[in-house]
Amino acid sequence: MSPRSDAPHTPPAVIAAGGVFLPAEVCHPLWLALRTHLAGRRADGGQIRPEIAAALDALRAAGLDHLTRETANGHPNRTSADTDGSSTRDLVTTAELSGRLGVTGRHARRLATAEDVRPAARGLWHPDDAEHLVRTYRKAA
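Small disclaimer: the values here were computed from a predicted structure and weren't measured.

Caption draft 1: Main features of a nonpolar patch on the surface. A cluster of nonpolar side chains, namely Val 26, Leu 30 and Leu 34, defines an oily patch on the protein surface of about 200 Å² accessible area. Within the element layout of this structure, Leu 34 appears in helix α1 (residues 24-43).

Caption draft 2: Quick peek at the pattern of salt bridges. Tallied over the full model, the rule gives three salt bridges. One salt bridge connects Glu 51 with Arg 49, and the closest N-O pair in it is separated by 2.6 Å. One salt bridge connects Arg 60 with Glu 131, and the closest N-O pair in it is separated by 2.7 Å. Placement of Arg 60 in helix α2 (residues 50-68) and of Glu 131 in helix α5 (residues 127-140) is noted, with a sequence separation of 71 residues between them. What you see here is one network of salt bridges that share partners, running through Arg 60, Asp 128 and Glu 131.

Caption draft 3: Representation of α1. Here α1 contains 20 residues, and its C-alpha end-to-end distance of 29 Å stays within 8% of the 28 Å for a straight helix at 1.5 Å per residue. Considered for burial, the residues of α1 that qualify are Cys 27, His 28, Trp 31, Leu 32, Arg 35 and Leu 38. Buried residues in α1, looked at end-on, bunch into an arc of 145°, giving them a common side. Following α1 by one or two positions, Gly 45 adopts a phi angle in the positive range, close to 90°.

What counts as what
Residues numbered from 1 in each chain as written. Predicted model: local features only at pLDDT ≥ 70, side-chain atom pairs only at ≥ 80, totals over all residues. Heavy atoms only, no water. Patch = residues over 30% accessible without salt bridge, like charges linked within 9 Å, V, L, I, M, F, W, Y side chains within 5 Å. Areas by Shrake-Rupley, 256 points an atom, 1.4 Å probe, with all protein chains shown as cover. Salt bridge = Lys/Arg side-chain N within 4 Å of Asp/Glu carboxyl O. Helix = DSSP H or I, 4+ residues; strand = E, 2+ residues; numbered from the N terminus. Expected span 1.5 Å × (residues − 1). Buried < 20%, exposed > 50% of the residue type's maximum accessible area, 1.4 Å probe, protein only. Arc of directions from axis to C-beta.

Set out below in structure tokens:
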């Protein structure tokens, strides 16, 4: 099947001498999968080498940058829902989120809706989305 001519072209992952280039669109989903895997490994007493932790930080930063970047019309450039297999202990409750924002739970949910952030489950938010909301709210205030 050939790609549509009007579809935006995403360059594939490129292996170069000494490293790998990944398109921004794939960084966040990859980071979510790796985070889940590594959380299980840490729970079993495993450790992560510093260079791998640094690479994961770069992957996370690139993914979040892509997700929070705005398009020309001012809307977020989100390409997929933030779904992963993380347990609820990694998630932020609406009460915690509203405390971080300094607003009521109802207002926190409204701010999330305005930023096109969806809860992971009823009353639970992904930590990355919570951080994004706090950053965005502080910039606006």
